[in-house]
Amino acid sequence: GYFNLERNINLVVQIVDVRHSISPLDEQMLDFLQYKNLPFVIVFSKVDKLGKTKLEQRKEQIEVEFAKYNSVKKIFFSSVNGNGLGELKSLISESCRI
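Reading guide: rules and limits
Residues numbered from 1 in each chain as written. Predicted model: local features only at pLDDT ≥ 70, side-chain atom pairs only at ≥ 80, totals over all residues. Heavy atoms only, no water. Pairing = 2+ DSSP bridges. Helix = DSSP H or I, 4+ residues; strand = E, 2+ residues; numbered from the N terminus. Axes fitted to C-alpha atoms, helices over the stretch in contact; angles between N-to-C directions. Contact = heavy atoms within 4.5 Å. Core = buried A, V, L, I, M, F, W, Y, C linked by side-chain atoms within 4.5 Å. Buried < 20%, exposed > 50% of the residue type's maximum accessible area, 1.4 Å probe, protein only. Phe/Tyr/Trp six-rings, centres within 6.5 Å; stacked < 30°, edge-to-face > 60°. Lys NZ or Arg CZ within 6 Å of the ring centre and 35° of its normal.

**Quick notes on the sheet that holds strand 1 (residues 12–17)**
Move 1: Spatial ordering of the open sheet is given by 1-2-3, a layout of three strands whose pairing is parallel. The open sheet is flanked by strand 1 and strand 3 (74–76), the only strands paired with a single partner. For this sheet the average axis-to-axis angle between neighbouring strands, irrespective of direction, equals 25°.
Move 2: Bridge count between strand 1 and strand 2 (residues 40–45): six bridges; the pairing is parallel. Looking at the pairing, Val 12 lines up with Phe 40 of strand 2.
Move 3: Packing against the sheet, helix 3 (residues 85–96) makes contact with strand 2 and strand 3, and its axis sits at approximately 145° to strand 3.

What follows is the structure, encoded as structure tokens:
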């Protein structure tokens, strides 16, 4: 219901755990955001939980699993080591200027 109300939405941040395959609920939400033509970014969290090799393998899998969202910005994020924080902050700041 939240997204069906008259709101000025500049950006939706969809957070997905990088360690897991796309869930049916994640896919449903992403499809809904695309259908409603809402601006959104996919943030893959907990990248610090994977080693470098495993993360690279996971990124390759994500390209396949999230193929229908290829045009959507994807950020790989860690709250522990700050990976992706600057990129996410910039994106949010830019969307607030709209």
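So that's the structure; there's more coming.
**A short note on the nonpolar core**
Move 1: Counting residues in hydrophobic clusters, the biggest one holds 19 residues, and the most contacted among them are Val 18, Leu 30, Ile 42, Phe 44 and Phe 66.
Move 2: When contributions to this core are tallied by element, the ones reaching two or more residues are strand 1, helix 1 (24–35), strand 2 and helix 2 (52–65).
Move 3: Of all the elements, strand 2 adds the most residues to this core, at three residues.
Move 4: Leave out the neighbours within four places in its chain, and Val 18 touches Phe 44, Ser 45, Lys 46, Val 47, Leu 50, Leu 55, Arg 58, Ile 62 and Phe 76.
Move 5: Among the nonpolar cores identified, the runner-up in size contains five residues, and Val 41, Val 43, Ile 75 and Leu 88 belong to it.

**A short note on the packing of aromatic side chains**
Move 1: All chains considered together, the criterion is met by three aromatic pairs.
Move 2: On the basis of an interplanar angle of 15° and a centroid distance of 5.1 Å, the ring pair of Phe 44 and Phe 76 is categorised as stacked. With Phe 44 in strand 2 and Phe 76 in strand 3, this residue pair connects regions lying 32 residues apart in the sequence.
Move 3: Residue Phe 76 is classed as buried on the basis of its relative accessible area of 18%.
Move 4: Three or more aromatic residues joined by ring pairs make a cluster, and in this case those are Phe 44, Phe 66, Tyr 69 and Phe 76.
Move 5: Lying over the aromatic face of Phe 76, Lys 59 brings its terminal NZ or CZ to 4.7 Å of the ring centre.

**Things to note about unusual backbone geometry**
Move 1: In the Ramachandran plot, Asn 37 falls in the positive-phi region, its phi being about 55° despite a non-glycine side chain.
Move 2: Positive phi is not limited to glycine here, since Lys 46 has a value of about 65°.

**Examining the side chain of Asp 17**
Move 1: Position of Asp 17 relative to the elements: it lies in strand 1.
Move 2: Given a relative accessible area of 17%, Asp 17 falls into the buried group.
Move 3: Residues contacting Asp 17, with those up to four places away along its chain left out, are Ser 45 and Lys 46.

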